[in-house]
Structure formats: C-alpha cells, structure tokens
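Topology and contacts: notes
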Amino acid sequence: RATALAERGCAIDAVRDAVLEPALRDAEDSRLRAKRVALDHLHAAAEAALAGLDSPAILERLLEEVLAEIGGYADVRVNPALVPAVRESLAVRGLEDRVSVDADPSIAGAGVVAICANGNRRLDDSLPSRLRVAWAALEGEIAARLFGERTATMGVHEGASARGAP
C-alpha cells in the first residue's frame, strides 16, 4: 500500500510538472508582457508631453548647455517655430557670427541639436533624446514604483522596441 501511494504521489508530481509549471510560466510571461506594454504606453505619453513643450525658459537652458559644450562654430537646429527666439538669443550673446540656426521640423518642442562646424561632433539636446537617456537609467525604478516590485526584465528594452539607443 505504501508503494502504491508513493507511485501515485510521483504520478501527481509528474502531472503537476507537465501541466501546472508551463501554465504558471505562461501566466508569468503574460504578466511581464502586460507590464512591458504599460511601460511602453507611459514612455509614449511622456514623449507626447515633451513634444508640446516649447517654453522659452527650457529653450534657453538647452541652448545654453549646447553652446557651452560646442565652444566654437556650429550649426544649431531647432523646431521651425523657435528659430526667431534662438536667433535673438544668439544675438544677445554676441554669437550670431559663430553659430548658424536652421529650422528642423523633426525636432519637437524646445529641443536643440548642434553640429560642430567641422562636422565631427553632433550634440542632441532634444527633449526626446534626453528622455531616452533618463528612461534607460530610470526604467527599473519607474517599474518598481508602478508595480510595487523590481523585475529584471523591466530595465531592459526588448528587441521589439522602436526607440534606439541615445
């Protein structure tokens, strides 16, 4: 009788291993995919919010950072609506002869992209670029706050992500 019970116990364990374990893995995979989707939606919402920011104060700050970094002749590209403000800012700083300004409709909001005159250096201080850098550094913490736990896969962009590295 003890042998029969042991054999049934082994049979139950085999059924559990064959049926329950894969189902639990599938459930965990689904949970992680749902979290990835939620984080991707949050990232998209942040990108959309940043695209609408064209504050003169933000523009000045980004321009100041880029100008300090390039230190010489450069071409600065900004959203077309912000070209007059950037030209005025450069004139106030006495830099209109060293820094040219071009409209770039691909730049959303108050972003600034600078290309050094010799073409060997490109500084992307656009808001989407800054978000990419911050998101990569903080995604795990964001996931922990949203979901109450830190998961290993939350800090790594899956291959399906359309966003490139900064």
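Criteria and cut-off values
Residues numbered from 1 in each chain as written. Predicted model: local features only at pLDDT ≥ 70, side-chain atom pairs only at ≥ 80, totals over all residues. Heavy atoms only, no water. Pairing = 2+ DSSP bridges. Helix = DSSP H or I, 4+ residues; strand = E, 2+ residues; numbered from the N terminus. Axes fitted to C-alpha atoms, helices over the stretch in contact; angles between N-to-C directions. pLDDT = per-residue confidence, 0-100. Contact = heavy atoms within 4.5 Å. Salt bridge = Lys/Arg side-chain N within 4 Å of Asp/Glu carboxyl O. Parallel < 35°, antiparallel > 145°, perpendicular 65-115°, else oblique. Left-handed = near helix turned anticlockwise from the far one by under 90°. Nonpolar A, V, L, I, M, F, W, Y, C, P; charged D, E, K, R; others polar.

Strand-to-strand pairing in sheets goes through backbone hydrogen bonds, with the strands running parallel or antiparallel. Strands sit in the order β2-β1-β3-β4 across an open sheet of 4 strands; the sheet is mixed. Each edge of the open sheet is held by one strand with a lone partner, namely β2 (99-103) and β4 (122-125). The sheet shows a mean angle of 20° between the axes of neighbouring strands, direction not considered. Sheet analysis places strand β1 (residues 74-78) next to β2, joined by 5 bridges and oriented parallel. In the strand pairing of β2, V78 is matched with A103.

This brings us to the confidence of the model for the protein. Here the protein averages 83 in pLDDT, while 88% of its residues score no lower than 70. In the predicted structure, residues 152-166 sits below a pLDDT of 50 and forms 26 contacts with residues beyond four places in sequence or in another chain.

A separate point is the pattern of salt bridges. With the rule as written, the count across this model stands at 12 salt bridges. Of the charged contacts, one joins R36 and D40 as a salt bridge, the two residues approaching to 3.1 Å between their closest N and O atoms. Of this pair, R36 and D40 both sit in helix α1 (residues 2-51), separated by 4 residues, roughly a single helical turn. The partner of R77 in a salt bridge is D75, with the nearest N and O atoms 3.0 Å apart.

Let's shift gears to the packing of helix α2 (residues 56-70) against helix α3 (residues 83-93). At a minimum axis distance of 11 Å, the contact between α2 and α3 shows a crossing angle of 55°. Judged by the angle between their axes, α2 and α3 are oblique. Between α2 and α3 lies a crossing whose hand is right-handed. Touching L59, E60, L63, E64 and L67 of α2 are A85, V86, S89, L90 and R93, all from α3. Residues of the contact of α2 with α3, tallied by class, amount to 6 nonpolar, 1 polar and 3 charged.

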